[in-house]
Amino acid sequence: MKNKSEFLSFTLDLAKKTGDIQLSYFGNISSIERKSSNIDLLTKADIESEKLIISKIKEQYPNHSIISEETESNLKDSKYTWIIDPLDGTTNFAHNLPIFAVSIALMKEDKIIMGVVYNPAANKCFYAELNEGAYLNNRLIQPSSAEKLSDCLLATGFPYLHDKKYDLSFQIFKDFYDKTRGLRRLGAAALDLCFVAMGRFDGFYEYNLKTWDICAGALIASEAGCTVSDWNGKKFPKDGSRILCTNSKIHDSMMKVLTKPEYKIYFNLS
Ligand code: IPD
Ligand code: CA
Ligand code: CA
């Protein structure tokens, strides 16, 4: 990127510092809390990461709003809102699996204008600004060119809440499993989106995510040239309720599966 904005330079530096905190705890976790259930975890690294991010944003941009996973939202009368997942992939982190990331997005009014996703264990930093392309460690990235599902590797995830939709999501998984080279469930949605952006995966879909899981990764993917939408092709809901991100070429084929009548429950239709 020729000229990084002040926001981006600030966020890249902050993501790096946050990643250092995470690496200092990685492989050496002394306490894990449970949130909504036994599988919804919180570590000291999530808390310390969030503390650093929020304090630095408040210091630098005291008038901006902040939405962050582990803390109540701090909404102000400002055009700018920071959307933060201090540590995406906590379960991986707690099990010493190096697939986790810091995810920070900035919205101006209702547009995501910047996103940074940093995977400290692999020193991979993905970032994008609106209309400026998407980068991985200073190199432009682009999605794959696969056109047929049979040539594709997809990614998805499953939510912590085990309800009716959860049961049915294994049917969707099977539908795609039968049509593709396979599906992966890596456990860090922000990285799933970046891996579509860089062509490792050809497509990614999930539901019941939260805004902090997707905002940064969605901008990185769309700036790389991916199509990011709702499961039915409409504008993706920023609250994370459903997301489909592909290399664009397989978007229609994936939509066809995700909008089958038996899956209308995902659109809250019965
Ligand atoms: C989780 C990850 C995972 C997704 C979960 C998310 P967390 O975030 O993104 O891939 O399937 O629904 O909650 O809890 O590790 O920040
Ligand atoms: Ca997350
Ligand atoms: Ca998190």
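Conventions used here
Residues numbered from 1 in each chain as written. Chains lettered and ligands numbered in written order. Predicted model: local features only at pLDDT ≥ 70, side-chain atom pairs only at ≥ 80, totals over all residues. Heavy atoms only, no water. Helix = DSSP H or I, 4+ residues; strand = E, 2+ residues; numbered from the N terminus. Rg over C-alpha atoms; globule rule 2.2 N^0.38 Å. Buried < 20%, exposed > 50% of the residue type's maximum accessible area, 1.4 Å probe, protein only. Contact = heavy atoms within 4.5 Å. Areas by Shrake-Rupley, 256 points an atom, 1.4 Å probe, with all protein chains shown as cover. Lys, Arg positive; Asp, Glu negative; His and termini not counted. Charge placed at Lys NZ, Arg CZ, Asp CG, Glu CD. 1 Å grid on protein atoms, 1.4 Å probe; cavity = no way out; pocket = protein on both sides within 12 Å on 5 of 7 lines; lining within 4 Å. Points joined across faces, edges and corners; volume = space filled by probe spheres on them. Nonpolar A, V, L, I, M, F, W, Y, C, P; charged D, E, K, R; others polar. Near = heavy atom within 4 Å. Polar contact = N/O pair within 3.5 Å; in protein donor to acceptor, adjacent residues only side chain to side chain. Donors = N, O, S within 2.8 Å, 3.2 Å for Na, K, Ca; no water. Domains from an automatic or database assignment. Buried area = accessible area lost by both parts, 1.4 Å probe. Salt bridge = Lys/Arg side-chain N within 4 Å of Asp/Glu carboxyl O. Core = buried A, V, L, I, M, F, W, Y, C linked by side-chain atoms within 4.5 Å. Pairing = 2+ DSSP bridges. Axes fitted to C-alpha atoms, helices over the stretch in contact; angles between N-to-C directions. Parallel < 35°, antiparallel > 145°, perpendicular 65-115°, else oblique.

Q: Give a detailed account of the overall build of the chain, specifying residues and quantitative values.
A: When you go through the chain residue by residue, the secondary structure sums to 7 helices and 15 strands. At 18 Å, the chain has a C-alpha radius of gyration in line with the 18 Å of a compact globule built from 270 residues. For the C-alpha atoms alone, the extent of the chain along its principal axes is close to 50 × 45 × 35 Å. Residue burial in the chain is summarised as follows: out of 270 residues, 54% are buried. Long-range pairs, those at least 24 residues apart, make up 63% of the contacts in the chain between residues at least 6 apart in sequence. Of the roughly 12500 Å² of accessible surface on the chain, 48% is carried by carbon and sulfur atoms. Within the chain, one finds 34 positive and 34 negative side-chain charges whose respective centroids are separated by 3 Å.

Q: Any details on empty space enclosed by the protein? Residues and values, ideally.
A: In the structure shown here, the tally under the stated rule is 1 cavity of 30 Å³ or more. In this structure, the largest cavity encloses a volume near 30 Å³. Around the largest cavity, the lining residues are Y25, N28, I29, S30, S31, T43, K44, A45 and F93. Residues that form the lining of the largest cavity fall into these classes: 4 nonpolar, 4 polar and 1 charged.

Q: Outline the site of ligand 1, supporting the account with residue identities and numerical values.
A: Lining the immediate surroundings of ligand 1 are 15 residues, of which D88, G89, T90, Y160 and E206 lie closest. Contact distances for ligand 1 include 2.7 Å between an oxygen atom and a backbone N or O atom of G89. Contact distances for ligand 1 include 3.4 Å between an oxygen atom and a side-chain N or O atom of R185. In isolation ligand 1 offers 380 Å² of accessible surface; the protein chains occlude 94% of this area. Ranked by residue count, the leading element in the shell around ligand 1 is strand 5 (residues 80-88), at 3 residues. Residue composition of the shell around ligand 1, grouped by class: 6 nonpolar, 3 polar and 6 charged.

Q: Describe in detail the coordination of the calcium ion (ligand 2), supporting the description with residues and values.
A: At 2.1 to 2.3 Å from the calcium ion (ligand 2) lie its protein donor atoms, namely D85 (OD), D88 (OD) and D213 (OD). A distance of 3.8 Å spans the gap from the calcium ion (ligand 2) to the calcium ion (ligand 3), which D85 bridges by coordinating each metal. Residue classification places D85 among the buried residues on the basis of a relative accessible area of 1%. Its relative accessible area of 5% is what places D88 among the buried residues.

Q: Please set out the domain arrangement of the chain residue by residue, giving values where relevant.
A: It is common to report an interface's size as the accessible area lost on association of the parts. If you check the domain split of the chain, you get domain 1 (6-140) and domain 2 (149-267). Counting each side, the surface lost to burial between domain 1 and domain 2 is near 2300 Å², with a carbon and sulfur contribution of 72%. For the domain 1 face of the interface with domain 2, the top three residues by lost area are D88, I112 and F126, together amounting to 23%. In this structure, the connection of domain 1 to domain 2 is made through 0 salt bridges.

Q: Can you break down the nonpolar core residue by residue, with the values?
A: Counting residues in each nonpolar core, the largest one holds 40 residues, and the members touching the most others are V117, F126, I141, F204, I220 and I243. At the level of secondary structure, the elements contributing two or more residues to this core comprise strand 6 (101-108), strand 7 (111-119), strand 8 (124-129), strand 9 (134-136), helix 5 (189-197), helix 6 (211-224) and strand 15 (242-246). If you count residues domain by domain, this core takes at least three from each of domain 1 (6-140) and domain 2 (149-267). With sequence-adjacent residues up to four places away left out, V117 is seen in contact with A101, V102, S103, K124, C125, F126, A190, L191, C194, A216, G217 and I220.

Q: I'd love a proper account of the sheet that holds strand 4 (residues 71-74), names of residues and values included.
A: Strand order in the open sheet formed by 8 strands is 4-3-5-6-7-8-9-10, and the pairing between neighbours is mixed. Here the strands that pair on one side only, and so sit at the sheet edges, are strand 4 and strand 10 (139-140). Direction of pairing for strand 5 relative to strand 6: antiparallel, over a ladder of 7 bridges. For W82, the partnering residue across the bridge sits in strand 6 and is L106. The strands touched by helix 1 (residues 6-25) within the sheet are strand 5, strand 6, strand 7 and strand 8, with strand 7 carrying the most contacts at an inclination of about 30°. Strands strand 5, strand 6, strand 7 and strand 8 of the sheet are contacted by helix 5, whose axis makes an angle of about 100° with strand 7.

Q: How would you summarise the packing of helix 5 against helix 6 if you had to cite specific residues and measurements?
A: Running from amino to carboxyl end, helix 5 crosses helix 6 at an angle of 0°, the nearest separation of the two axes being 8 Å. It follows that helix 5 is roughly parallel to helix 6 by the angle criterion. Mapping the contact onto sequence places A189, A190, L193, C194 and A197 in helix 5 and D213, I214, G217, A218, I220, A221 and A224 in helix 6. Residue classes in the contact of helix 5 with helix 6 are distributed as 10 nonpolar, 1 polar and 1 charged.

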